[in-house]
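Survey of secondary and tertiary structure
Here is what each chain is made of, one letter per residue.
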Amino acid sequence: MPELPDLEVAKHTLTRRATNRTIEEVELFDPVTLRRPVAEAFQYELQGRKIQEIQRYGKFLILLFEPPARLYINFMLVGHLAFQPPSDRIMKSTGFRLRLSGNIDLRYHDGRRMGKIYLLLNDEPTSLIPTYDEQGPDALDPELTLETFRSRIRKFNAQIKRVLKNQRFIAGIGNAYANEILYKAHINPFRKRSTLTPTEIDALYTATKAVLKNAITTITTLSGNNLRFKIRDFLQVHGKSGQPCPRCKTKLSTVKSGLDLAYFCRKCQV
Ligand SMILES: [Zn+2]
């Protein structure tokens, strides 16, 4: 699932390559991921609008148009966007395509059809998007200070990895980056939040900001001018089953937890 760093880089790429282009044609191939409005309105309403700005909040990417409308995309497991020549074959996974001025398609693909897409017109409120308004501050919001982080985390008592992934606590972190942040902070993913010392909470805050920022820098370099939604090879522990811990060389552990896999080092994450 794309997480904050993937989407932040995608935001910058889209800003460079898609803003100020007009949507000349809209084709919706698979209405399953479209939560709002109905298919006919989606095509009719988007056509002719200009892409004005790209934003991101948590795990939502937001396209802003002129005349005013906003498209919110929550990519879930495998959803992603791609720039393609209009002549490219339409795939089974293609959800919709926006043919942009300058003869380029911006296409949404989703092989699992789990993404969620919402088009809001004029000043329709985000309360029309389930759970959107319940999100906590974006994990990279400068206003998420250490003080705020400390006071917010007190309200969550689950295992610390679940807390990090809870979008109501802070928004943007999923399984991959929760694994990375906990590794950086030397904290075992299965600890209960209430057992963490103030020093560990502070380390978690520092690790959160550092891991996300470093990932953005790395993904920016690796993706160049292309839209890439899931570059994960450079991560330290996520997906590295059985490999040695980069710090202490102990074999990394993988434990299934709900639908997710926790990757961690039993020796240096206590
Ligand atoms: Zn280790």
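Residues numbered from 1 in each chain as written. Predicted model: local features only at pLDDT ≥ 70, side-chain atom pairs only at ≥ 80, totals over all residues. Heavy atoms only, no water.

**So, the coordination of the zinc ion**
Surrounding the zinc ion are the protein donor atoms Cys 245 (SG), Cys 248 (SG), Cys 265 (SG) and Cys 268 (SG), which sit 2.2 to 2.4 Å from the metal. Considering all four donor atoms around the zinc ion, angles at the metal cover 100 to 125° and the coordination shape is tetrahedral. For the zinc ion, the donor residues sit on a single chain with the sequence spacing C-x2-C-x16-C-x2-C. Across the pair, exposure class does not vary: Cys 265 and Cys 268 are buried alike. (Donors = N, O, S within 2.8 Å, 3.2 Å for Na, K, Ca; no water. Tetrahedral: all angles 85-135°; square planar, octahedral: opposite > 155°, others 65-115°. Buried < 20%, exposed > 50% of the residue type's maximum accessible area, 1.4 Å probe, protein only.)

**What about the sheet that holds strand S9 (residues 116-121)?**
Read across the sheet, five strands follow the order S2-S9-S5-S4-S3 without closing on themselves; strand pairing throughout is mixed. Strands with a single pairing partner mark the edges of an open sheet, and in this sheet they are strand S2 (34-36) and strand S3 (50-57). Going from strand to strand, the sheet's axes swing by 20° on average, the running direction of each strand aside. With six bridges connecting them, strand S5 (residues 69-74) and S9 associate as antiparallel partners. From the neighbouring strand, Asn 74 faces S9, where its bridge partner is Lys 116. (Pairing = 2+ DSSP bridges. Helix = DSSP H or I, 4+ residues; strand = E, 2+ residues; numbered from the N terminus. Axes fitted to C-alpha atoms, helices over the stretch in contact; angles between N-to-C directions.)

**Brief notes about the pairing of strand S6 (residues 80-84)**
It is a general feature of regular strands that their side chains alternate between the two faces of the sheet. Extensive coverage of S6 is indicated by the burial of four of its five residues. Judged from the five bridges that link them, S6 and strand S8 (residues 104-109) form a sheet pairing that is antiparallel. Within S8, the residue paired with Ala 82 across the bridge is Arg 107.

**Quick notes on the packing of helix H3 (residues 146-153) against helix H6 (residues 198-223)**
Two elements in contact, H3 and H6, have axes separated by 10 Å at closest approach and are oriented at 120°. The orientation of H3 relative to H6 falls into the category oblique. Helix-helix and strand crossings are classified by hand; for H3 and H6 the assignment is right-handed. Side by side, H3 and H6 meet where Leu 146, Phe 149, Arg 150 and Ile 153 of the first sit next to Ile 201, Asp 202, Leu 204, Tyr 205 and Thr 208 of the second. Tallied by class, residues from the contact of H3 with H6 come to six nonpolar, one polar and two charged. (Parallel < 35°, antiparallel > 145°, perpendicular 65-115°, else oblique. Left-handed = near helix turned anticlockwise from the far one by under 90°. Contact = heavy atoms within 4.5 Å. Nonpolar A, V, L, I, M, F, W, Y, C, P; charged D, E, K, R; others polar.)

**Details of helix H1 (residues 4-18)**
With 15 residues, H1 should reach 21 Å at 1.5 Å per residue; the first-to-last C-alpha distance of 20 Å fits that figure. The buried fraction of H1 is high, at eleven of 15 residues. Every buried residue of H1 is accounted for by Leu 4, Pro 5, Asp 6, Leu 7, Glu 8, Val 9, Ala 10, Lys 11, Thr 13, Leu 14 and Ala 18. Phi for Asn 20, located one or two positions after H1, is positive at around 70°. (Expected span 1.5 Å × (residues − 1).)

**Considerations on the domain arrangement of the protein chain**
Domain annotation for the protein chain reports domain 1 (4-134) and domain 2 (146-264). The centre of domain 1, based on its C-alpha atoms, is set 28 Å off from the matching centre of domain 2. Listed per partner, the contact involves 23 residues of domain 1 and 22 residues of domain 2. Taken together, both faces of the contact between domain 1 and domain 2 bury some 1800 Å²; the carbon and sulfur share is 63%. Broken down residue by residue, the surface that domain 1 buries against domain 2 is led by Pro 5, Asp 6 and Val 9, which jointly contribute 33%. Taking the shortest distance from any N to any O, the salt bridge between Arg 168 and Glu 134 comes out at 3.0 Å. The tally of links between domain 1 and domain 2 comes to seven residue pairs in polar contact (both at pLDDT 80 or more). It is H1 that provides the largest number of residues to the side of domain 1 that touches domain 2, a total of eleven residues. Among the residues forming the side of domain 1 that touches domain 2, the class breakdown is 14 nonpolar, three polar and six charged. (Domains from an automatic or database assignment. Buried area = accessible area lost by both parts, 1.4 Å probe. Salt bridge = Lys/Arg side-chain N within 4 Å of Asp/Glu carboxyl O. Polar contact = N/O pair within 3.5 Å; in protein donor to acceptor, adjacent residues only side chain to side chain.)

**Some points on H6**
Taking 1.5 Å per residue as the helical rise, H6 with its 26 residues ought to reach 38 Å, and the 37 Å between its terminal C-alpha atoms agrees with that figure. Remark: Gly 224 follows H6 within two positions and exhibits a positive phi of approximately 55°.

**Some remarks on the packing of aromatic side chains**
The geometry of an aromatic ring pair comes down to the distance between the two centres and the angle between the two planes. Considering all chains together, one arrives at eleven aromatic pairs under this definition. Ring geometry for Phe 75 against Tyr 108: centres 6.1 Å apart, planes inclined by 40°, an arrangement best described as tilted. Highlighted residues: Phe 75 in the loop between S5 and S6 and Tyr 108 in strand S8, separated in sequence by 33 residues. Taken individually, Phe 75 and Tyr 108 each receive the classification buried, so the pair is uniform in this respect. By the ring-pair criterion, three or more aromatic residues cluster together here, those being Phe 42, Phe 75, Phe 96, Tyr 108 and Phe 229. Above the plane of the ring of Phe 83 lies Arg 17, whose end atom (NZ or CZ) is 4.2 Å from the centre. (Phe/Tyr/Trp six-rings, centres within 6.5 Å; stacked < 30°, edge-to-face > 60°. Lys NZ or Arg CZ within 6 Å of the ring centre and 35° of its normal.)

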